[in-house]
Amino acid sequence: MSYIDCFDHEHIGMLGYLPIYHPLENIEGDKWGGYDFSATPENLILGGGSGEHPGLVLHKLECLAARFLHDQITDEEEANLSKEDKDYLIDLCYSDDVLEFCSWTINHYAAMKEMAQSKSFLAPLGENEEVEEWLCKSVGELIFFSLSELNPAHGRLTEIFAPFELHATMRNVACVPPGYPSCGGRRIIDGKVVWGQNRWLEKS
């Protein structure tokens, strides 16, 4: 059992070999050492911590969505934005403390870069692209199109980018389709632990 399995959470999908989880309760980490992390329902998490893969906690989900959207428009289109909207986007796109790598080693970073370069992705890592930027755009696309309720800036971003034609250019996150057995996720219901809490299968 992995660390994330000690808490209520739902399985969102996979980015390569890394599962994407959404915590359904506050997680207070660093109590037992190892790969533990802290997170809240405002976060997404890649990797389940101890017993699985060290966690990568994604903060400020609106910033990831903004990075994906900003990459969609040309310099000419950006020039048509108001100064207020440009400043707003710059603040989001260059915000700090978005990616929190918890107990990752050099080997984990190297493995992630190798994974990101895989041709099995529809949009693998570009030749001059940073892995962190690729990661932000891959998950930011998911947040914008499918997890708008977790994005406090969704309305404002939708309004800013309404004049432009947006496409799902990354498509790197794989989700379990309806009909497949659920994997990952747990929730306590009526005092009992219920396994197999997948966000999409529950809504299908």
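The numbers attached to residues start from 1 for each chain and follow its sequence in the written order. The model is predicted, so local features are restricted to residues of pLDDT at least 70 and side-chain atom pairs to those at 80 or more, both for listing and for counting; the totals for chains, interfaces and linings are taken over all residues. To get the side-chain values, all heavy atoms of the structure are used, and hydrogens and water are removed first.

1. Some details on helix α3 (residues 83–93)
Inclusion rule: To sort residues, take the accessible area from a 1.4 Å probe on protein chains only and compare it with the maximum for the residue type: under 20% means buried, over 50% means exposed, and anything in between is partly exposed. Numbered from the N terminus, helices here are DSSP runs of H or I no shorter than four residues, and strands are runs of E no shorter than two. What the arc describes is the spread of directions from the helix axis to the C-beta atoms. Throughout, a contact is declared for two residues whenever any of their heavy atoms are within 4.5 Å.
If you check which residues of α3 are buried, you get Asp 85, Leu 89, Leu 92 and Cys 93. Viewed along the axis of α3, the buried residues span an arc of 90°, placing them on a single side of the element. In this structure, α3 carries Lys 83, Glu 84 and Asp 91 as exposed residues pointing more than 90 degrees from its buried face. In this fold, the buried residues of α3 make contact with α1 (61–70) and α6 (154–161).

2. Considerations on unusual backbone geometry
One non-glycine residue, Asp 97, adopts positive backbone phi at about 60°. Looking at the secondary structure, you find Asp 97 in the loop between α3 and β5 (99–101). Of note, the phi angle at Arg 171 is positive, near 50°, even though the residue is not glycine. Within the element layout of this structure, Arg 171 appears in the loop between α6 and β6 (173–174).

3. Structural notes on the packing of aromatic side chains
The description of an aromatic ring pair uses the distance of the two centres, along with the angle that the planes make with each other. The condition is simple: In summary, the pairing rule links any two rings of Phe, Tyr or Trp, Trp by its six-membered ring, whose centres are within 6.5 Å, and it sorts them by plane angle into stacked for under 30 degrees, edge-to-face for over 60 and tilted for everything else.
Summed over all chains, the structure comprises 9 aromatic pairs. Aromatic pair Phe 68 and Phe 145: ring centres 5.9 Å apart, planes at 70°, arrangement edge-to-face. Linking Phe 68 in helix α1 with Phe 145 in helix α5 (residues 131–146), this pair joins segments that are 77 residues apart in sequence. A relative accessible area of 1% means that Phe 68 is categorised as buried.

4. Brief notes about the nonpolar core
Under the convention used in this document: Nonpolar cores were defined as sets of buried Ala, Val, Leu, Ile, Met, Phe, Trp, Tyr and Cys residues, with membership established by side-chain atoms within 4.5 Å.
The biggest cluster of nonpolar side chains holds 46 residues, and the ones touching the most others in it are Leu 15, Leu 44, Trp 134 and Leu 157. By residue number, the principal contributor to this core is α5, which donates 8 residues. Beyond its immediate chain neighbours, meaning those up to four positions away, Leu 15 contacts Ile 20, Leu 46, Met 115, Phe 121, Trp 134, Leu 135, Ser 138, Val 139, Asn 172 and Val 173. Phe 7, Ile 27, Ile 45 and Cys 102 belong to the second-largest nonpolar core, a separate cluster that totals 10 residues.

5. Thoughts on a nonpolar patch on the surface
Definition in use: Within this analysis, patches are made of residues with over 30% relative accessible area and no salt bridge. Like charges are joined at 9 Å or less; nonpolar side chains (Val, Leu, Ile, Met, Phe, Trp, Tyr) at 5 Å or less. Where accessible areas are quoted, they stem from the Shrake-Rupley method and a 1.4 Å probe; at the residue level, only the protein chains shown are allowed to cover. We define a salt bridge as a side-chain nitrogen of Lys or Arg found within 4 Å of a carboxyl oxygen belonging to Asp or Glu.
Residues Met 1, Ile 188, Val 193 and Trp 195 make up a contiguous nonpolar surface patch of about 450 Å² in total accessible area. Residue class for Met 1 comes out exposed when judged on its relative accessible area of 72%.

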